[in-house]
Amino acid sequence: MATTDSDRYDRVAISFHWVIAVLVIVNVIIGLFHESLFDPRQVMPIHKSVGMTVLILSIGRLFWRLGHRGPALPPELPSWEKMAAKSMHVLLYALIVLLPLTGWAMSSNPERPRPISWFGLFDFPILPTGKAIAGFSHEAHEILGLLMAALVVIHIAAALRHHFILRDRVLTRMLR
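Residues numbered from 1 in each chain as written. Predicted model: local features only at pLDDT ≥ 70, side-chain atom pairs only at ≥ 80, totals over all residues. Heavy atoms only, no water.

Asks: Can you help me understand the environment of Lys131 in this one?
Replies: Inspection of the secondary structure assignment puts Lys131 in helix α4 (residues 131-166). Given the relative accessible area of 53%, Lys131 is considered exposed. It is 6.3 Å that separates the C-alpha atoms of Lys131 and Pro110, two residues lying 21 residues apart in sequence. Aside from chain neighbours lying at most four places away, what touches Lys131 is Asn109, Pro110 and Glu111. (Helix = DSSP H or I, 4+ residues; strand = E, 2+ residues; numbered from the N terminus. Buried < 20%, exposed > 50% of the residue type's maximum accessible area, 1.4 Å probe, protein only. Contact = heavy atoms within 4.5 Å.)

Asks: Mind showing me how you'd approach the nonpolar core here?
Replies: Nonpolar side chains tend to gather and get buried jointly when the protein is soluble and globular. With 18 residues, the main nonpolar core has Ile20, Val24, Val54, Ile96 and Met148 as its most contacted residues. Within the residue set of this core, elements represented by two or more residues are α1 (11-33), α2 (40-67), α3 (79-107) and α4. Looking at this core element by element, the count peaks at 6 residues for α3. Those residues in contact with Val24 that lie beyond four places of it in its chain are Val54, Ile96, Met148 and Val152. One finds Met52, Leu55, Trp104 and Ile116 within the second-largest nonpolar core, a separate group that totals 6 residues. (Core = buried A, V, L, I, M, F, W, Y, C linked by side-chain atoms within 4.5 Å.)

Asks: Just checking my understanding: could you explain a nonpolar patch on the surface for this structure?
Replies: On the surface, Ile25, Ile29, Leu32, Phe33, Leu37, Phe38, Leu146, Ile156, Leu160, Phe164, Ile165 and Leu166 cluster together into a nonpolar patch covering about 1100 Å² of accessible area. Of all elements in the fold, only α1 and α4 reach the threshold of two or more residues within the nonpolar patch. Structurally, Ile25 can be placed in helix α1. (Patch = residues over 30% accessible without salt bridge, like charges linked within 9 Å, V, L, I, M, F, W, Y side chains within 5 Å. Areas by Shrake-Rupley, 256 points an atom, 1.4 Å probe, with all protein chains shown as cover. Salt bridge = Lys/Arg side-chain N within 4 Å of Asp/Glu carboxyl O.)

Asks: Would you mind going over the pattern of salt bridges with me for this structure?
Replies: Side-chain pairing between opposite charges can occur once the charged atoms of the two side chains come close. Taken as a whole and assessed by the stated rule, the structure comprises 4 salt bridges. The partner of Asp39 in a salt bridge is Arg41, with the nearest N and O atoms 3.1 Å apart. The partner of Glu81 in a salt bridge is Arg161, with the nearest N and O atoms 2.7 Å apart. A residue pair is termed long-range when its members are at least 10 positions apart, and Glu81 in helix α3 and Arg161 in helix α4 qualify at 80 residues.

So, in structure tokens, the structure goes:
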């Protein structure tokens, strides 16, 4: 099925999507394997910088999305699939904001604050958190990171299903 401009996301939304997607995948890999495959002292500053970049871009993406609606899902999709797609997007939007925030709060632990340097150019301020919030943030960051990894896999699998099995225009809406 051919895709027209009215069936696609705009260039800004597409750019936000793909840049954030690549950064999230990089950070999920670093987050999951930083102790077994990498030297944590070398990769954690990159992980934190990428996470803060995701946070900033995600805020921009959310503001863009408020003023620019995406294309409607194909009408032939069953209602359960439309609901699943909307739920997935809400969860992904929540995670691209919550994961960096919990990482930032974790790095702001008052007992051992570790400022987040953005690629060595400047430091983000330490958040005024207590020990309990920093501890909660650590656990939340790990759980949300695993949830993000699972949702990314499901999201990619769903896009590929739409493209190769259902042969509809769902994936091509996000391509230019």
